[in-house]
Amino acid sequence: MPKDVTDVICPFCGTLCDDVVVTVSDDNKTILSVKNACAIGAEKFNHQRLPGRVKRPRMRQPDGTYKEVSYDEAIDWTAKMLVKSRKTLMYGWASTSCQAMSIGHEIAEKVGGIVDNCATVCHGSSLIAIEDVGVPSCTLGEVKNRADRVIFWGCNPAHAHPRHMSRYSIFPRGFFTVKGHKGRKIYCVDCRYTDTAKCADTFIQVQQGFDYELLDAFRTAARGEALPDTVGGVPKEKIYEVVEELKGGRFGIIFFGMGLTHTMGRNHNIDEAICLTRDMNDFTKFVIMAMRGHWNVTGSGQVLGWQYGFPYAVDLSRRDQARHQTGETTSVDLLNRNEVEACFYIATDPGAHFPINAMISSSKKPTVTIDPHINCTTEISDVHIPVAMVGVEVGGCAYRMDNVPIETRKVVEPPEGMLTDEEVLTKINNRVDELLAKGGA
Amino acid sequence: MANKITLNLITCRTIQQGVGMEAGKTSKKYFDACTIIHMHPEDFKKLGAWKNTNVKVTSSVGSVIVKAVETREDLVPGLAHIPMGPWANRIVPAYTFSTGEPCFKGFPVDVEVATNERIMGAIEVVQDACGLIRK
């Protein structure tokens, strides 16, 4: 008899939906159907049963083809690469558990690696801004129960966090928000009329790249000062009108995304958005939250934060001290400058998501990729170590976008003999110890 | 006579890209979702191209062949959008202004019609740039 596994955590985006129901086969090996998840989450669970999955590590041969090798062989190769290299980029971590990260960081300390996570090309700018000016934030539960003014600035949850709007921000009825959608005013600021904008009461179309100016104009309007006729393509009357409506709310929240972190201004855009939040607190309760992308990128920031004091791009090449400098220890800059001797990617696909020049630099170095599936990075790596999918075939701790830790669940058994991230990293760690005890690779 | 037009390009997620990514980087879903450039109808007129024509998009760092489609989420004329992925990243400038973040949104590109050019596969487009394809 197939059985239902309830309250499954979806390991796709930072919303970490916790109400997914997965039907699994009698032998606990195959996922038959997925309920409650969004299109992307369902696809992630369904991918588990697709044929053609790689089940053993592969090593690239001189002729460019890949040959299957044993886990031990791949782990030995990886450990030797790590010990030999004076500076290794250890990038990824956003789609694995916090337990696995912790082991990875131990390895990085021993071999002098640089640990960086996906925030580096995502919410890295936000983290810089938060370090600069702090962040008045809240949990998603508070948004659901209290928020009556919701602003989506440069983010498109309809596409990137598909259930965010129905679970927390637009539609749900909460303790103080009993009218649900009707009791909330939704604003969307974007350069495109996105699907999220279609759900909003007010759409503010900003000229691409003029977010800083518009945020600044909102602050000016909040203080009742004069504005020019248009700011970033938005007429001043609209800015004054929106600011007055925001002041009239009981609890306001700004959700922001890549529209602020990727455009010109980067961290300064976020800086300004946080300052606007602070200013609005003179009139009503106002908070701000980053729409984190990967399901556990927040967790990587947390673990790095409590271990080394920096949320991403931590340089441990001096072993006894952690250093962090954006533009210097960030992955793309390190690759642009050809500054690392080897690359170690885990639970991510920089091949698809880094600018190509960074990946050309990466492809010239010894590279190991640990990922459940074949992707653009595994195919330019020397070694690909497949692992069980965290959140589907093995559990582990993850942090939601509002920094709430949630324990993900194991739903089905991984393929026979497949190791998990934690097991692979532990074995690499042990092998590194052995090699270092012998005095190197 | 087809022209060359200059547009401001942004790259970002679409739900189709997310579904394709989870279906597998080598899947057809991923290919279909990411090998497109969303353009405004006015820009199609300026370019002198039909919808669903292959175009060559060139930035300061390189060029890539994708299919031009009419936007579903409205763009203003002059603004174009390629979903994130290895094709978009063939033309994303890697320079980060010392912030760690490359310029994924808001960089100028030239678009020209390339009807007979082939769109590369997800892995091919990365391997090709890295010089890993043996001919």
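In what follows, the structure referred to is the one given above.
Quick caveat, the model's predicted, so the values are computed rather than measured. (Residues numbered from 1 in each chain as written. Chains lettered and ligands numbered in written order. Predicted model: local features only at pLDDT ≥ 70, side-chain atom pairs only at ≥ 80, totals over all residues.)

**A word on the overall build of chain A**
Here's step 1: What chain A contains, in helices and strands, is 17 helices and 20 strands.
Here's step 2: Taken over C-alpha atoms, the radius of gyration comes to 23 Å for chain A, in line with the 22 Å a tight globule of 441 residues would show.
Here's step 3: Considered along the principal axes of its C-alpha atoms, chain A spans approximately 70 × 55 × 35 Å.
Here's step 4: Counting over 441 residues, chain A shows a buried share of 58%.
Here's step 5: The long-range share in chain A, meaning contacts at least 24 apart out of those at least 6 apart in sequence, stands at 67%. (Helix = DSSP H or I, 4+ residues; strand = E, 2+ residues; numbered from the N terminus. Rg over C-alpha atoms; globule rule 2.2 N^0.38 Å. Buried ≥ 20, exposed ≤ 12 C-beta atoms within 10 Å, placed from the backbone. Contact = placed C-beta atoms within 7 Å.)

**Some thoughts on the sheet that holds strand S14 (residues 285-290) of chain A**
All names here are of chain A.
Here's step 1: Taken in spatial order, the five strands of this open sheet run S10-S9-S8-S13-S14, and their pairing is parallel. Of all the strands in the sheet, the pair left with one neighbour each is strand S10 (202-205) and S14. Taken pair by pair, the neighbouring strands of this sheet meet at an average axis angle of 15°, ignoring direction.
Here's step 2: In the sheet, strand S8 (residues 149-153) pairs with strand S9 (residues 185-190) via five bridges, with the strands oriented parallel. By the bridge assignment for S9, Val 150 is matched with Ile 186.
Here's step 3: Seen against the sheet, helix H12 (residues 267-280) touches S8, strand S13 (251-256) and S14 and runs at an angle of roughly 160° to S14. (Pairing = 2+ DSSP bridges. Axes fitted to C-alpha atoms, helices over the stretch in contact; angles between N-to-C directions.)

**Some points on the sheet that holds strand S4 (residues 58-60) of chain A**
Residues and elements named next belong to chain A.
Here's step 1: The strand order across the open sheet built from eight strands is S5-S4-S18-S17-S16-S6-S7-S15, with neighbouring strands paired in mixed fashion. In this open sheet, the two edge strands, each paired with only one partner strand, are strand S5 (66-68) and strand S15 (314-315).
Here's step 2: Across three bridges, the pairing between strand S17 (residues 367-370) and strand S18 (residues 383-385) is parallel. Bridge assignment links Ile 370 to a residue of S18, and that residue is Ile 385.
Here's step 3: In the packing of helix H3 (residues 98-111) onto the sheet, the strands contacted are strand S6 (88-92), strand S7 (113-117) and strand S16 (342-346), and the crossing angle to S7 comes to about 150°.

**Things to note about the environment of Pro 136 of chain A**
Here's step 1: Mapping Pro 136 of chain A onto the fold places it in the loop between helix H4 (124-133) and helix H5 (140-146).
Here's step 2: Once the C-alpha coordinates of Pro 136 of chain A and Ile 253 of chain A are considered, the two residues, 117 residues apart in sequence, prove to be 9.9 Å apart.

**Brief notes about the interface of chain A and chain B**
Here's step 1: At the interface, 55 residues of chain A touch 45 residues of chain B.
Here's step 2: With six residues, the top contributor of residues to the side of chain A that touches chain B is helix H16 (residues 356-363) of chain A.
Here's step 3: In terms of residue class, the side of chain A that touches chain B is made up of 24 nonpolar, 23 polar and eight charged. (Nonpolar A, V, L, I, M, F, W, Y, C, P; charged D, E, K, R; others polar.)

**Topic: unusual backbone geometry**
All names here are of chain A.
Here's step 1: Unusually for a residue other than glycine, Trp 93 sits at a positive phi of about 70°.
Here's step 2: Positionally, Trp 93 belongs in the loop between S6 and H3.
Here's step 3: A count of 31 C-beta atoms within 10 Å places Trp 93 in the buried class.
Here's step 4: Notably, Asn 338 is not glycine yet its phi reads approximately 55°, a positive angle.
Here's step 5: As for its placement among the helices and strands, Asn 338 is situated in the loop between helix H14 (331-336) and S16.
Here's step 6: Overall, the presence of 11 C-beta atoms within 10 Å leaves Asn 338 in the exposed class.

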